[in-house]
Amino acid sequence: MFARRYSRRGLAAAAVAASLLLSAAALIPVRAAEPVFSTDGVAIEGTDPVAYFTEGKPVAGSPDFTFVHAGATWRFASAANRDAFAADPARYAPQYGGYCAWAVSQGYTAPTVAEAWHIEDGKLYLNYSRSVQRQWSEDIPGNIGKADANWPGLKAGQ
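A brief structural summary. Computed from a prediction, not measured in an experiment: that's the story for all the values here. (Residues numbered from 1 in each chain as written. Predicted model: local features only at pLDDT ≥ 70, side-chain atom pairs only at ≥ 80, totals over all residues. Heavy atoms only, no water.)

1. Things to note about the overall build of the protein chain
This is how the line gets drawn: Secondary structure follows DSSP: runs of H or I at least 4 residues long count as helices, runs of E at least 2 residues long count as strands, and numbering of each begins at the N terminus. Burial here depends on accessible area, computed with a 1.4 Å probe over protein chains only, as a share of the maximum for the residue type. Under 20% is buried, over 50% is exposed, and the range in between is partly exposed. Contacts are residue-level and defined by heavy atoms, with any inter-residue pair within 4.5 Å sufficient. Using a 1.4 Å probe, accessible areas were evaluated by the Shrake-Rupley method; residue-level cover was limited to the displayed protein chains.
Helix and strand content of the protein chain: 7 helices and 6 strands. Taking all 158 residues of the protein chain together, 35% fall into the buried category. In the protein chain, of all internal contacts separated by at least 6 residues, the share reaching a separation of at least 24 is 56%. Accessible area of the protein chain: about 9000 Å², with a carbon and sulfur share of 56%.

2. Remarks on unusual backbone geometry
Even without glycine at this site, Ile44 takes up a positive phi of about 35°. Along the polypeptide, Ile44 turns up in the loop between β2 (42-43) and α2 (49-54). Looking at Ile44, the relative accessible area reads 4%, which means it is buried. Its identity as a non-glycine residue notwithstanding, Asp121 has a phi of 50°, on the positive side. Summarising the element assignment, Asp121 is placed in the loop between β5 (117-120) and β6 (123-126).

3. Details of the pairing of strand β3 (residues 62-69)
Our working definition: Strand pairing requires that DSSP identify at least two bridges connecting the strands.
Of the pairings in the sheet, the one linking β3 to strand β4 (residues 72-76) comprises 5 bridges and is antiparallel in character. Among the inter-strand pairings, Thr66 is bridged to a residue of β4, identified as Arg75.

4. Structural notes on the environment of Ala72
Along the chain, the position of Ala72 falls in strand β4. Taking C-alpha positions, Ala72 is 9.3 Å from Ile44, a pair spaced 28 residues apart along the chain. Sequence-distant contacts of Ala72, that is, excluding residues within four places in its chain, are made with Val36, Ser38, Gly41, Ala43 and Phe67.

5. Some remarks on the side chain of Ser62
The condition is simple: For the purposes of these results, a polar contact is taken to be a pair of N or O atoms within 3.5 Å, where, inside protein, one atom must be able to donate a hydrogen and its partner to accept one; residues adjacent in sequence count only when each atom of the pair is a side-chain atom.
Within the secondary structure, Ser62 sits in strand β3. Using a relative accessible area of 17% as the deciding quantity, one classes Ser62 as buried. Of the polar contacts made by the side chain of Ser62, one reaches the backbone nitrogen of Asp64; its length is 3.0 Å. For Ser62, the contacting residues outside a window of four places in its chain are Arg75, Phe76 and Ala77.

6. Topic: the nonpolar core
Quick note on the threshold: In this description, a nonpolar core means a group of buried Ala, Val, Leu, Ile, Met, Phe, Trp, Tyr and Cys residues linked to one another through side-chain atoms lying within 4.5 Å.
With 31 residues, the main nonpolar core has Trp74, Phe85, Tyr96, Val104 and Trp136 as its most contacted residues. Secondary-structure elements contributing two or more residues to this core are α2, β4, α5 (101-106), β6, α6 (130-137) and α7 (140-154). No other element matches α7, which puts 5 residues into this core. Other than its neighbours up to four places away in sequence, Val104 contacts Tyr96, Tyr99, Ala147, Asn150, Trp151 and Leu154.

This is the structure we're talking about:
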């Protein structure tokens, strides 16, 4: 009888401990695998970052017009866009390495899609999806402030 109670208590204690460990782990920020969101080394899924500023929409980049920056290959729709980016990457590169701005504001990283974008104060922000972008847009300044505070700890290598 004692062994059975002990066993149940032990299982209950183990379940509580596991639950606490999982809860604590959920609070630990996930580190970015790379400083720039890329797929097979291509930044932001090959979307031309300059086009968001010049054309006001996402435009697919071409393998004919590339530039390596921050450990990733960036693609551009034209040589002019490539040259503009090369001259001033900080002006055109998306914030938080192209990872989801909402996710970074919450303390973790997530991939992005080209269609979920916003330019705020001359800076490009990308999001995981249009629905996540709507959530992020509810408090853009507040979410940028949180993301700016979180990003240094989320960048790879830090």
